[in-house]
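# Summary of the model geometry
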Amino acid sequence: EAQVTQNPRYLITVTGKKLTVTCSQNMNHEYMSWYRQDPGLGLRQIYYSMNVEVTDKGDVPEGYKVSRKEKRNFPLILESPSPNQTSLYFCASSFATGGDTQYFGPGTRLTVL
Amino acid sequence: DAKTTQPTSMDCAEGRAANLPCNHSTISGNEYVYWYRQIHSQGPQYIIHGLKNNETNEMASLIITEDRKSSTLILPHATLRDTAVYYCIVRVAGGGADGLTFGKGTHLIIQP
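First, a word on scope: everything that follows refers to the structure included in this document.

Quick notes on the rules
- Residues numbered from 1 in each chain as written.
- Chains lettered and ligands numbered in written order.
- Predicted model: local features only at pLDDT ≥ 70, side-chain atom pairs only at ≥ 80, totals over all residues.
- Heavy atoms only, no water.
- 1 Å grid on protein atoms, 1.4 Å probe; cavity = no way out; pocket = protein on both sides within 12 Å on 5 of 7 lines; lining within 4 Å.
- Points joined across faces, edges and corners; volume = space filled by probe spheres on them.
- Helix = DSSP H or I, 4+ residues; strand = E, 2+ residues; numbered from the N terminus.
- Nonpolar A, V, L, I, M, F, W, Y, C, P; charged D, E, K, R; others polar.
- Disulfide = S-S within 2.5 Å.
- Buried < 20%, exposed > 50% of the residue type's maximum accessible area, 1.4 Å probe, protein only.

## Describing the layout of surface pockets
Of the pockets and cavities examined, the largest pocket occupies roughly 520 Å³. If you go around the largest pocket, you meet 23 residues; those closest to its centre are A:Gln37, A:Pro39, B:Gln38, B:Val85 and B:Tyr87. Broken down by secondary-structure element, the contributors of at least two residues to the lining of the largest pocket are β4 (31-38) and β5 (42-51) of chain A together with β8 (84-92) of chain B. Here the lining of the largest pocket takes 3 residues from β8(B), the largest share from any one element. Of the residues assigned to the lining of the largest pocket, the class counts are 9 nonpolar, 11 polar and 3 charged. If you add up the space inside the second largest pocket, you get close to 430 Å³. Lining the second largest pocket are 19 residues, with A:Tyr103, A:Phe104, B:Gly43, B:Pro44 and B:Gln45 positioned closest to its centre. At the level of elements, β1 (4-7) and β10 (103-104) of chain A together with β3 (31-38) and β4 (45-50) of chain B are the ones that each hand at least two residues to the lining of the second largest pocket.

Written out as structure tokens, the structure is:
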């Protein structure tokens, strides 16, 4: 089944403790992206990648890192999480660069205490 | 990307057709109309898109007016599982690496 998977689905952590949220897609998509969703603010893009080893900042990249060493994986790294990074995170992928038919993962709900 | 306007919420009876309108009066000639939906706290789901012709797939139909200033997403036989927030997005196809811009959307509630 074609899908985007994220792990973990739920995470509660403390300020400053490094964490990684994994994202994997099995559709051989070139383009992958991370969004965060907050009440009243909608979805905002954090980082995106147009292909392996190519990543770039979205609208809200501060406090996040990403890597794209393999086509299928696009992990989101929070080196020193803070409470303002408490949010619902979505990974997405698509065939084309900046593709508009994007496939989203199920989401990761992160709480930073 | 052109701005879109959607009603905040709508109700529809189960089994009836749900018609969700979207205004996009400033749409450019090369911009497509895309529809996504998000069931509570799940990942957004692509539904359909079109340029100027009406489109139909297994999920829905998209009707775009001749002047392209508005469109309607039609769910032909709504079920309770169609309760979700529906987003209308106007965008140039392959419009760069920018993320999709989700507005506030329409909260569609299917009533039993």
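## Description of the state of the cysteines
Here, disulfide denotes a covalent bond that connects the sulfur atoms of two cysteines. The tally for this structure, following the rule as stated, stands at 2 disulfides over all chains. Residue pairing for A:Cys23: its cysteine sulfur links by disulfide to A:Cys91, the two sulfurs lying 1.9 Å apart. Of note, the bridge from A:Cys23 to A:Cys91 carries an S-S torsion of about -75° and is left-handed in sense. Of the two residues, A:Cys23 is situated in strand β3 (residues 19-25) and A:Cys91 in strand β9 (residues 87-94); the sequence distance between them amounts to 68 residues. This cysteine, B:Cys12, is not joined by any disulfide, and B:Cys22 carries the nearest cysteine sulfur, 18 Å off. Looking at B:Cys12, the relative accessible area reads 10%, which means it is buried.

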